[in-house]
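For reference, the chains in residue letters:
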Amino acid sequence: MIPLTLEQMNYFIVLSKTLSFTKTAEQTYTTQPTISRQIKLFEQEIGCKLFFRNSTGISLTPTGALLAENLSTASKLISDSILIAQNSSDSIIEKLSIGCSISLELDRFLVNCYHKFCLKNPSVHFTYQKYGHSTLHEKLKSDELDIIVTLDSRTQFLPDIETHYLFDYSGVCLFSRFLPITRKKDLSLSDFSGMSIVCLDEHTSPRGLIGIKKIADSVHLKYKSIIRVPNLETVFFYVDAGLAIAFLDTSIEKIKNPDFSYIPVPNKSATISAALFYKKENPNPAISNFVKIATELSPYRDYPSILT
């Protein structure tokens with residue numbers, strides 16, 4: 001029997017319609033070399049050519065056209081059977097719950113992970129919510145969330161939590177471009193001395209007062225006060241009103257708003273690391289599948305996981 005996988009079948013069906021390795025890779029959220037390799041392997045397994053290849057492109061052989069028609073029918077039958085099983089009253093619905101810190105903007109990255117995850121796990125019911133840092137911790141520990149994505153803070157976790165790093169973000173000092181001080185040439189961070197600093201409270205972000213003070217000290221900024229707020233919307237309100245400056249990271253797209261300006265903070269204390277956490281003892285099989293995809297898409301994909 002030919003060891004045809006569902007993934008190979010899907011690649012072949014899509015390629016038979018697009019007749020383009022590049023478009024097939026885009027539609028199946030993989031790479032062109034992967035498509036080429038899998039199709040070549042499939043042809044070797046069945047012992048015949050499925051596509052004519054020339055300098056202008058590819059086309060189906062008569063055998064390939066017949067196989068494409070039959071496999072399309074088979075694929076629809078499989079999809080219909082899965083749908084029937086999913087709608088069955090006694091079927092078990094697999095779930096995966098993911099939470100992300102509201103102090104990070106990783107929605108696009110997680111959407112890309114979800115696209116690839118769904119190709120191999122179409123029956124898993126996926127939920128995604130954003131919470132403050134402390135709430136994420138509690139929901140992970142109480143099994144309300146399977147995976148959380150937040151800032152690295154290993155000391156706050158129990159010994160059974162596993163960590164996978166995703167991204168490093170550099171820090172910036174954000175301020176309103178309408179402040180009178182911004183007219184000064186060669187503006188430096190110390191020029192904002194006397195202003196207040198607005199930041200997320202301890203329930204929302206783990207950086208804390210100590211972290212903010214450390215950053216301010218490192219850039220010789222003598223601030224008036226530190227204002228703690230529960231969400232980024234309030235942070236931006238204070239900055240936009242010219243009432244305070246803020247130390248944020250480059251994951252947050254709104255710092256590029258034309259009403260704001262920012263100066264990079266050349267200090268490691270302003271750099272943050274985003275990481276993915278889950279309980280090692282959680283039996284949900286969808287966790288390992290999602291984690292594998294996330295680490296493959298992350299710049300840190302070659303880093304070993306860290307058991308904290």
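Residues numbered from 1 in each chain as written. Predicted model: local features only at pLDDT ≥ 70, side-chain atom pairs only at ≥ 80, totals over all residues. Heavy atoms only, no water.

On to the overall build of the protein. A count of helical and extended segments in the protein gives 9 helices and 13 strands. Expressed as a percentage of its 308 residues, the buried residues of the protein come to 42%. Carbon and sulfur atoms make up 55% of the accessible area of the protein, which amounts to about 16,700 Å² in all. (Helix = DSSP H or I, 4+ residues; strand = E, 2+ residues; numbered from the N terminus. Buried < 20%, exposed > 50% of the residue type's maximum accessible area, 1.4 Å probe, protein only. Areas by Shrake-Rupley, 256 points an atom, 1.4 Å probe, with all protein chains shown as cover.)

Sheet architecture is open: 5 strands sit in the order β9-β8-β10-β7-β11, paired in mixed fashion. A strand with exactly one partner marks an edge of an open sheet, and here the two such strands are β9 (226-229) and β11 (260-264). This sheet shows a mean twist of 30° between the axes of neighbouring strands, independent of strand direction. Bridge analysis of strand β7 (residues 171-176) against β11 gives 5 bridges, and the strand direction is antiparallel. Bridge pairing in β11 places L174 opposite Y262. Packing of helix α8 (residues 232-240) onto the sheet brings it into contact with β7, β8 (196-200), β9, β10 (244-249) and β11, and relative to β10 it is tilted by some 135°. (Pairing = 2+ DSSP bridges. Axes fitted to C-alpha atoms, helices over the stretch in contact; angles between N-to-C directions. Contact = heavy atoms within 4.5 Å.)

Going through the model one piece at a time under the given rule, you end up with 10 aromatic pairs. Summarising the aromatic geometry, the rings of F236 and F260 are spaced 5.6 Å apart at their centres and angled 35° between planes, so their arrangement reads as tilted. Here the residue F236 occupies a position in helix α8, and F260 occupies one in strand β11, the gap between them amounting to 24 residues. Exposure remark for F236: the relative accessible area of 5% places this residue in the buried category. Under the relative-accessibility criterion, F260 is labelled buried at 8%. Here the aromatic cluster, defined as three or more aromatic residues joined through ring pairs, consists of Y114, F117, F126 and F290. (Phe/Tyr/Trp six-rings, centres within 6.5 Å; stacked < 30°, edge-to-face > 60°.)

This part covers the layout of surface pockets. Approximately 780 Å³ is the volume found for the largest pocket. Taken together, 28 residues make up the lining of the largest pocket; nearest its centre are E7, N10, C118, L119 and K120. Those elements that place two or more of their residues in the lining of the largest pocket are α1 (6-18), α3 (32-46), α4 (62-87), α5 (107-120) and α9 (285-297). Ranked by residue count, the leading element in the lining of the largest pocket is α1, at 6 residues. Residue classes in the lining of the largest pocket are distributed as 12 nonpolar, 10 polar and 6 charged. (1 Å grid on protein atoms, 1.4 Å probe; cavity = no way out; pocket = protein on both sides within 12 Å on 5 of 7 lines; lining within 4 Å. Points joined across faces, edges and corners; volume = space filled by probe spheres on them. Nonpolar A, V, L, I, M, F, W, Y, C, P; charged D, E, K, R; others polar.)

This part takes up α9. Burial in α9 covers these residues: A286, I287, F290, V291, I293, A294 and T295. Next to the buried residues of α9 lie β3 (95-101), α5, β4 (125-131), β5 (147-151), β6 (161-169) and β12 (272-279). You can read the cap of α9 off the contacts: a side-chain oxygen lies 2.9 Å from the backbone nitrogen of A286, and it is on N284. (Polar contact = N/O pair within 3.5 Å; in protein donor to acceptor, adjacent residues only side chain to side chain.)

With respect to the helices and strands, the residue S170 is situated in the loop between β6 and β7. Put simply, S170 and D249 are 79 residues apart on the chain and 5.7 Å apart in space, counted from C-alpha to C-alpha. Non-local contacts of S170, meaning those with residues more than four positions away in its chain, are made with L248, D249, T250, A270 and T271.

Looking at where T61 falls in the secondary structure, it is placed in the loop between β2 (57-60) and α4. In terms of polar contacts, T61 uses its side chain to reach the backbone amide nitrogen of G64, at 2.9 Å. Those residues within four positions of T61 in sequence are excluded, and the remaining contacts are K49, L50, F51 and F52.

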